[in-house]
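# Structural characterization, general
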Amino acid sequence: MSSITPEDLTAFDEVSSKACSLYENSPYGNAWRAFTAEELATQAVYKARRFCLLPYGHPKQVDDTLDAINMLIFAVRKLEEERTHVEHTDTHRPESSTR
């Protein structure tokens, strides 16, 4: 089993920072909140597919990959928000009485 190296972590942090910067500088802001997790995942797939169709080394490949990362992060956030909402709703539901 291989372990993650410090260089791997550094590279991960660099890519994460680029994805975060792309989101922070986006003109779309929090528009992702209007989409379902499924729609966000579909957008990520679209970006990944477009990445594969571009010639290797095309500058748009990096942008599309970072967009896909952000879309998947937003999808995870949506799922977590929905799960938290359901858990919160379930804990405040009155117990059903047995007769």
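Numbering of residues starts from 1 in every chain and runs along the sequence as written. With the structure being a predicted model, the display of local features is reserved for residues of pLDDT at least 70 and the display and counting of side-chain atom pairs for 80 or more, all residues being used for whole-chain, interface and lining totals. Think of the side-chain values as coming from all heavy atoms in the structure, minus any hydrogens and water.

Helix and strand definitions follow DSSP, with helices as H or I runs of at least four residues and strands as E runs of at least two, each counted in order from the N terminus. Helix and strand counts for the chain stand at three helices and zero strands. For the chain, the sequential pattern of α-helices and β-strands runs α-α-α. Counting over 99 residues, the chain shows a buried share of 15%. Note on contacts: a residue pair qualifies if any of its non-hydrogen atoms lie within 4.5 Å across the two residues. In the chain, the share of contacts with a sequence separation of at least 24, taken over all contacts with a separation of at least 6, comes to 68%. Each residue is placed in one exposure class: buried if its accessible area under a 1.4 Å probe, protein chains only, is under 20% of its type's maximum, exposed if it is over 50%, and partly exposed if it falls in between.

Topologically, Asn70 is positioned in helix α3 (residues 59–91). Assessed through its relative accessible area of 9%, Asn70 is described here as buried. Setting aside residues up to four positions removed in sequence, Asn70 forms contacts with Ala19, Leu22 and Tyr23.

Pairing of side chains with opposite charge becomes possible as their charged atoms draw close. Any Lys or Arg side-chain nitrogen located within 4 Å of an Asp or Glu carboxyl oxygen qualifies as a salt bridge. Across all of its chains, the model carries five salt bridges by this definition. Put simply, Asp64 and Lys47 hold a salt bridge, and the shortest N to O gap is 3.9 Å. In this pair, Asp64 is assigned in helix α3 and Lys47 in helix α2 (residues 37–53), connecting sequence segments 17 residues apart. For Asp67, the salt bridge is made with Lys47, and the minimal N-O distance between the two is 3.1 Å.

With that settled, consider the nonpolar core. Judged by nonpolar contacts, Trp32, Ala37, Leu40, Phe74 and Ala75 together constitute the single largest core of five residues. Residue assignment for this core shows that the elements contributing at least two residues are α2 and α3. Apart from the residues lying within four places of it in its own chain, the contact partners of Ala75 are Ala37, Leu40 and Ala41. We call a set of buried Ala, Val, Leu, Ile, Met, Phe, Trp, Tyr and Cys residues a nonpolar core when their side-chain atoms join them within 4.5 Å.

Take the packing of aromatic side chains next. Ring pairs (aromatic) are described by centroid distance and by the angle formed between their planes. Only Phe, Tyr and Trp rings take part, Trp by its six-membered ring, and two of them pair if their centres are within 6.5 Å. Stacked means planes under 30 degrees apart, edge-to-face means over 60, and tilted covers everything else. Counted by the stated rule, this structure contains two aromatic pairs. With centroids separated by 4.7 Å and ring planes inclined at 5 degrees, the aromatic side chains of Trp32 and Phe74 adopt a geometry described as stacked. Highlighted residues: Trp32 in the loop between α1 (6–24) and α2 and Phe74 in helix α3, separated in sequence by 42 residues. Among the aromatic residues, ring-to-ring pairing joins Tyr23, Trp32 and Phe74 into one connected group.

Now for the confidence of the model for the chain. Confidence in the prediction for the chain averages 87 pLDDT; 89% of positions are at 70 or higher. Within the chain, α3 has the poorest average pLDDT of any element, 88, and α2 the best, 96. Looking at any residue, its pLDDT shows the predictor's confidence there, from 0 to 100.

Turning our eyes to something else, we now look at the environment of Ala34. Structurally, the position occupied by Ala34 is in the loop between α1 and α2. Separated by 44 residues in sequence, Ala34 and Lys78 have C-alpha atoms that sit 10.0 Å apart.

This brings us to the side chain of Gln61. Relative to the elements of secondary structure, Gln61 occurs in helix α3. Within the structure, Gln61 has its side chain in polar contact with the backbone oxygen of Phe51 (distance 3.1 Å). Residue contacts for Gln61: discarding those within four places in its chain leaves Phe51, Leu54, Pro55 and Tyr56. Polar contacts, as used here, are pairs of N or O atoms within 3.5 Å; protein pairs need one atom able to donate a hydrogen and one able to accept it. Residues neighboring in sequence count only if both atoms are side-chain atoms.

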